[in-house]
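Okay, here's what each chain looks like letter by letter:
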Amino acid sequence: MATSLGANTYNRQNWEDADFPILCQTCLGENPYIRMTKEKYGKECKICARPFTVFRWCPGTRMRFKKTEACQTCSKIKNVCQTCLLDLEYGLPIQVRDTGLSIKDDVPKSDVNKEYYTQNMEREIGNSDGTRPVGLLGKAPSSSDMLLKLARTTPYYKRNRPHICSFWVKGECKRGEECPYRHEKPTDPDDPLADQNIKDRYYGINDPVADKLLKRASTMPRLDTPEDKSITTLYVGGLGDSITDSELRNHFYQFGEIRTTTIVQRQQCAFIQFATRQAAELAAEKSFNKLIINGRRLNVKWALPPPPVDEDTPTNYFNLGPNSAPPVMNISLPPPPGVAMPPPPGFGPPMFHSMDPMGMPPPMGMRPPGHVHYPSQDPQRMGAHASRHGGS
């Protein structure tokens, strides 16, 4: 229920009144024509417990309604979204961002210290130009290799899906397709991702999503430098149809002189050849798993030549094992001139007569190859002698 600003409440001059929320692209949704409701001093902030203006909207079709959970002061202190509390620049949890930037921002958690800290940060935010974060985050380095590898480049709209229908899980939902909730099997309750707390996410402690991302960062592949010093070409994959030659040059020219740039549009890749090996190594180090152009994460590797073929080693075209016998091809050579070629099996003169003196066909095992016995040609069949004698 909204609270009146004129009520006799302690420190009401610090209540927040905003015209538009601070949101990430994922929470805002993919619909450019979004409709929001605004409730002045509708709820208290879940971090600092001060009343603030609450915004509520639906991010898209078949999505659940979302609302702001934290005030704009708490959002600006940590540079996070007011709804999901993820970093606005990288789309990562606060614990992962602070680990990548090597900062430790100890926000007080007690009521008195938290109020004093918030007032000081509001004063610092008011004196800044609003283009950079305040506090320790504003003094931190601008980027980190780990954050560039883990950063999300496109919005993740599946996060806006409705919650699972508890009645459907119990087999009691009667709404069918009209149910606004998801009819899916719930996740394992023992899964650590099923137990998330908004305050733990904001303070950067005990966040299961952050722990999962930090473990993924520790197991990420590394790019090994080739031993051949003559290799100065990098492979860039995943270009798509929108990335041009000039955009690639604008990124790679900062590492050194570029000799050639070749784009293979059919394979959606490019080859960047540098003039020196030092420039190529620097470009590979700064771009591997970090290069993002036009919202696309590009795959950067060394362009290695194909392995040399040993002429002494026979080529195994049939992928045969070392102990397997070679395939035998039944190919006969033509006879010398003047010598007649024997007929193929089944087309030469028969080795024996097909009919014995009694008119009986030979047994199946004694018939020549290619010879087929038809019962209609059997002289012993019924009516054969009568037709033969009658015709003579």
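Let me sum up the structure you'll find in this document. (Residues numbered from 1 in each chain as written. Predicted model: local features only at pLDDT ≥ 70, side-chain atom pairs only at ≥ 80, totals over all residues. Heavy atoms only, no water.)

A word on the overall build of the protein
- Secondary structure summary: the protein contains 12 helices and 9 strands in total.
- A burial count over the protein gives 33% of its 392 residues as buried.
- When contacts within the protein are restricted to residue pairs at least 6 apart in sequence, long-range pairs at least 24 apart make up 59% of them. (Helix = DSSP H or I, 4+ residues; strand = E, 2+ residues; numbered from the N terminus. Buried < 20%, exposed > 50% of the residue type's maximum accessible area, 1.4 Å probe, protein only. Contact = heavy atoms within 4.5 Å.)

Some details on the state of the cysteines
- Overall, the coordinates contain 0 disulfides when judged by the stated rule.
- Residue Cys27 stays outside any disulfide, its sulfur separated by 3.5 Å from that of Cys24, the closest cysteine.
- Exposure remark for Cys27: the relative accessible area of 0% places this residue in the buried category.
- Cysteine Cys45 shares no disulfide, and the gap to the nearest cysteine sulfur, in Cys48, comes to 3.7 Å. (Disulfide = S-S within 2.5 Å.)

Side note on the packing of aromatic side chains
- Per the stated rule, a full pass over the model turns up 5 aromatic pairs.
- Ring pairing ties together the aromatic residues Phe252, Phe255 and Phe274, which thus form one cluster.
- Against the face of Phe167 rests Lys170, its NZ or CZ located 5.0 Å from the ring centre.
- Between the NZ or CZ atom of Arg277 and the centre of the ring of Trp302, over which it lies, the distance is 4.9 Å. (Phe/Tyr/Trp six-rings, centres within 6.5 Å; stacked < 30°, edge-to-face > 60°. Lys NZ or Arg CZ within 6 Å of the ring centre and 35° of its normal.)

Describing the environment of Lys67
- Here Lys67 shows up in strand S3 (residues 66-67).
- For the pair Lys67 and Gln82, spaced 15 residues apart in sequence, the C-alpha to C-alpha distance is 8.5 Å.
- Ignoring sequence-local partners within four residues, the contact set of Lys67 consists of Lys43, Val54, Phe55, Arg56, Trp57 and Thr83.

Observations concerning the pattern of salt bridges
- For the coordinates displayed, the defined rule picks out 12 salt bridges.
- As a salt-bridge pair, Glu69 and Lys46 come within 3.0 Å of each other at their nearest N and O atoms. Of this pair, Glu69 sits in the loop between S3 and helix H2 (72-78) while Lys46 sits in the loop between strand S1 (36-44) and strand S2 (51-57), placing them 23 residues apart in sequence.
- Since its relative accessible area comes to 40%, Lys46 is described here as partly exposed.
- Two residues, Glu69 and Lys67, come together in a salt bridge whose shortest N-O distance is 3.2 Å.
- Via salt bridges that share partners, Lys46, Lys67 and Glu69 belong to a single interconnected network. (Salt bridge = Lys/Arg side-chain N within 4 Å of Asp/Glu carboxyl O.)

Side note on the sheet that holds strand S9 (residues 299-302)
- A sheet is described by the order of its strands in space; here 4 strands give the open sequence S5-S6-S4-S9, paired in antiparallel fashion. The open sheet has two edge strands with one neighbour each: strand S5 (258-264) and S9. Ignoring strand direction, the axes of neighbouring strands in this sheet form an average angle of 20°.
- Here 5 bridges tie strand S4 (residues 233-237) to strand S6 (residues 269-274), and the two strands are oriented antiparallel to one another. When the bridges of S6 are listed, Gly237 appears paired with Cys269.
- Contacts from helix H10 (residues 245-252) reach S4, S5 and S6 within the one sheet, and its direction differs from that of S5 by about 140°. (Pairing = 2+ DSSP bridges. Axes fitted to C-alpha atoms, helices over the stretch in contact; angles between N-to-C directions.)

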